[in-house]
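Notes for the structure review
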Amino acid sequence: MPHLLDIEYRDGHIILWIKQGSKCTPHRVGYYPRIYLECPVHNRHLISTLPQVRQVRVEQKITSLGQEPQDVLAISLDDWGGVFNLADMLEQRGWRAYNVDLPPTRQFLLENGLFPMAQLDPQLHLDDDQQTTDYSLPELTTLELDITPQSGRNPCFSDPLRDIRLGDHIFEGMPEADMIENLSSTLKRLDPDVILTHGGDSFQLPYLYHRAAKTGASLQLGREKDEPPPQNKGRSYFSYGRIIYKPGGYQLRGRLHIDSQTFIVKEGGMQGLIDLGRITGIPLQQLSRLSPGSAVTALQVNQALKDGVLVPWRRNLSENFKTAEELLRSDRGALILEPRVGIYENAAEVDFTSLFPHIMVTKNISPETVLCECCPDSPERVPFIGYNICQKRLGLIPRVIGPLIKRRMTYKKMADGGSEEHRMMQNVLKWLLVTSFGYMGFNKARFGRIECHESITAYAREILLQTMEIAQGLDFDILHGIVDSLWVRGSGDPRELCDLVSETVGIPLELKGHYHWIVFPSNRNNRAGAMNRYFGLMTDGKMKVRGIELRRRDTPRFIRKLQHDMLDQMKCASTVDELYNNLPSVLDVVRRYADEILSGRADPEELVFTTHTRHKLEDYRQKGSQAAALYQLREEGVDVQPGQAVQYIHTDHRSRNFHNRVKVAELIEPGTLYDRQKYYDITLRAAESLLRPFGYDREVLDDVVMGSEQMQIEGF
DNA sequence: ATCACCCGGGG
DNA sequence: GTGTACGGGTGAT
């Protein structure tokens, strides 16, 4: 049976790439995409005279969630090219444009009920169900592509090619142009459906196109000539509290270029990507390069369009900053307790799975249901803040999130049978659920509303408080609690607690596990409990560690290994007494690592910090390590975008010139010396993170290490 | 002391 | 195209 592999739009046509048997062929269909306009209908004749407008019709549509349908103009376009200018011009007249950022491919799929990887009948009509979790896929042929330049550490476009690997084929030891043309002809012969790269967007493909242009070789990666060679530039954007650098995507015609270094592919694999493509209706090459937040928005947009609701263009785009009042109101987040500092035996951890999504569904939280005008006297009130919630209809968000939760649960069950594919599929859905909450409070979200965000966290606070009460009723001590998790200790059975709470609250509370022992350290500066740091040994033998250095991506490998080795020693203990008895062997580990640092034997490569820059060099107001690293890289002619990582070691921390305090990893040579005093300090600090709860602070550790007889330090 | 700057998830 | 807020830590000024 044929399947829809990919879809593109150009020159007024939709091109469907249909995979049947071992062949994949393009089918062209004329198509006129549409935008909508809210304006007095007598303007339709005026608008139909505009260039590129093909037809104007009056339709009944809902322009805002929760409102009644009204007359709007549906404007069909000959071409999508100038659509933003057109929409801009129309909005400048005081009218409102809709569906402007709904690309023609998605419009076509939605109108025809199609989706990527849908099964079709021989007449190419849909023979599939978009919502099913049990579907058949075509046999896709996949080839991995790897491109290596001649230089080692810091590859750049001026380096000539060393080799090209395509599946089992290797092209090397020949002129560059021959390698590239061999690649093109081999691709044509093997005709894979998918080209898989590891970082193809960020370096390998732009580099390959550059080399092809330079040598005059003809390069074709897609099933049709890729023209013009993609030139889309990368971008930096703000997400999850940090700048993320996103390279421009290199998409092919009739063949899927999938870069494994994208979020959705990393989290869901090819199976998760296809599954998401089916339910979102976004072509796979685009989808693979989106954030989970965009994917969940797509689901909401699809549902809205099905309901006859139009999607406004550039909603809230001007509101980049919240007002002081908004900030004040929205910062009442979920509940976080201050942990009871100390070391505990026999603790249990219980978690609500997908707490926020469950709240949205069971409490009917949606932009049009919270504070709705139709039920001002609704008995359903948001705790603490008293908002009324609609009783008459189920909101858009619950209608999207409900099926998503179900779908994830289906895959989770299948994954419990050991299926890796289903594990990946449920995993990527988990991320959609997680971000569906955050989007509610995002001022640029399509269907977000701050009152929804507030309501969800208010319910979450109430539910966690309720859970604590029930736990205390069952004689549990509460050790710690974060948003949707609770750590308890007591003589009772935590399973009983989970059952009782699940029953009372209506949202499943799961027993995450028991701890032989768990440690909640205090802050480094005061005696209070640190809210996001703990580590403990679970009864299944696994160590759970949060917040300390080894969890951070900027931590050098050396420090990570130190803490891993220390924890490995602690792992031998299954009681607090044994833990204390084991401390000498933990201290031995610290001594060994400190010794290695002080003697100068440590490998500089192991000492590299990796941090992601948030600004360009000029915009750094403080001359710290990041700025120094950027400066050194610029001297080498390397341009680093905000969001890209820089790597450096401390070479002379006390130097008066900040340029000399660090050295970027790219410049490390065999003779490069690191700052021993500085790294000794860092090493002891990392050791202290794990040992302070046992009474070993920085000074004690210093004595332990320096006091040992075998220490002979040169240079001190 | 205060400000600037980084990280945080799961398996 | 793009969740925020905030706690925790380190280092510069």
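Residues numbered from 1 in each chain as written. Chains lettered and ligands numbered in written order. Predicted model: local features only at pLDDT ≥ 70, side-chain atom pairs only at ≥ 80, totals over all residues. Heavy atoms only, no water.

1. Section: the side chain of Thr353
Tracing the chain through its elements places Thr353 in the loop between strand 15 (342-352) and helix 10 (355-362). Residues contacting Thr353, with those up to four places away along its chain left out, are His358, Lys412, Pro508 and Glu510. (Helix = DSSP H or I, 4+ residues; strand = E, 2+ residues; numbered from the N terminus. Contact = heavy atoms within 4.5 Å.)

2. Observations concerning the sheet that holds strand 23 (residues 662-664)
Spatially, 21-22-23 is the arrangement adopted by the three strands of the open sheet, whose pairing is antiparallel. The two strands at the open ends of the sheet, each matched to only one other strand, are strand 21 (609-612) and strand 23. Strand-to-strand twist across the sheet, computed as the mean angle between neighbouring axes with direction ignored, equals 40 degrees. Relative to strand 22 (residues 645-650), strand 21 runs antiparallel, the two sharing four bridges. By the bridge assignment, Phe609 is partnered in strand 22 with Tyr648. Along the sheet face, helix 18 (residues 625-635) touches strand 21, strand 22 and strand 23 and points at about 45 degrees away from the line of strand 23. Where helix 19 (residues 676-691) meets the sheet, it contacts strand 21 and strand 22, and its direction lies at approximately 110 degrees from that of strand 22. (Pairing = 2+ DSSP bridges. Axes fitted to C-alpha atoms, helices over the stretch in contact; angles between N-to-C directions.)

3. Structural notes on the sheet that holds strand 17 (residues 485-490)
Judged by pairing direction, the sheet is antiparallel, and its six strands sit side by side in the order 16-17-15-18-19-20 without closing on themselves. Both edges of this open sheet fall to strand 16 (476-482) and strand 20 (543-546), since each of them pairs with a single strand only. On average, each strand axis in the sheet is tilted by 35 degrees relative to the strand beside it, whichever way the strands run. By the bridge criterion, four bridges tie strand 18 (residues 509-520) to strand 19 (residues 534-538) in an arrangement that is antiparallel. Residue pairing for strand 19: Tyr515 is matched across the bridge by Met538.

4. Describing the domain arrangement of chain A
Taken domain by domain, chain A comprises domain 1 (3-108), domain 2 (142-259), domain 3 (336-392 + 445-547) and domain 4 (596-709). The gap between the C-alpha centroids of domain 1 and domain 4 is 54 Å. (Domains from an automatic or database assignment.)

5. Section: a negative patch on the surface
Together, Asp493, Glu496, Asp499 and Glu503 give the surface a local cluster of negative charge. Tracing the sequence through the fold places Asp493 in the loop between strand 17 and helix 14 (494-505). (Patch = residues over 30% accessible without salt bridge, like charges linked within 9 Å, V, L, I, M, F, W, Y side chains within 5 Å. Areas by Shrake-Rupley, 256 points an atom, 1.4 Å probe, with all protein chains shown as cover. Salt bridge = Lys/Arg side-chain N within 4 Å of Asp/Glu carboxyl O. Lys, Arg positive; Asp, Glu negative; His and termini not counted. Charge placed at Lys NZ, Arg CZ, Asp CG, Glu CD.)

6. Observations regarding the protein's contact with DNA strand B
The environment of DNA strand B is made up of 17 residues, and the closest members are Trp431, Arg546, Arg614, Tyr620 and Gln622. Restricting the count to atoms of DNA strand B within 4 Å of the protein gives a sugar and phosphate share of 80%. One of the backbone N or O atoms of Arg551 is found 3.2 Å from a phosphate oxygen in DNA strand B. In this structure, Arg614 approaches DNA strand B through a side-chain N or O atom, which is 3.0 Å from a phosphate oxygen. Contributing elements (two or more residues each) for the surface near DNA strand B: helix 6 (263-280), helix 12 (420-440) and strand 21. Partitioning the surface near DNA strand B into residue classes produces three nonpolar, five polar and nine charged. (Near = heavy atom within 4 Å. Polar contact = N/O pair within 3.5 Å; in protein donor to acceptor, adjacent residues only side chain to side chain. Nonpolar A, V, L, I, M, F, W, Y, C, P; charged D, E, K, R; others polar.)

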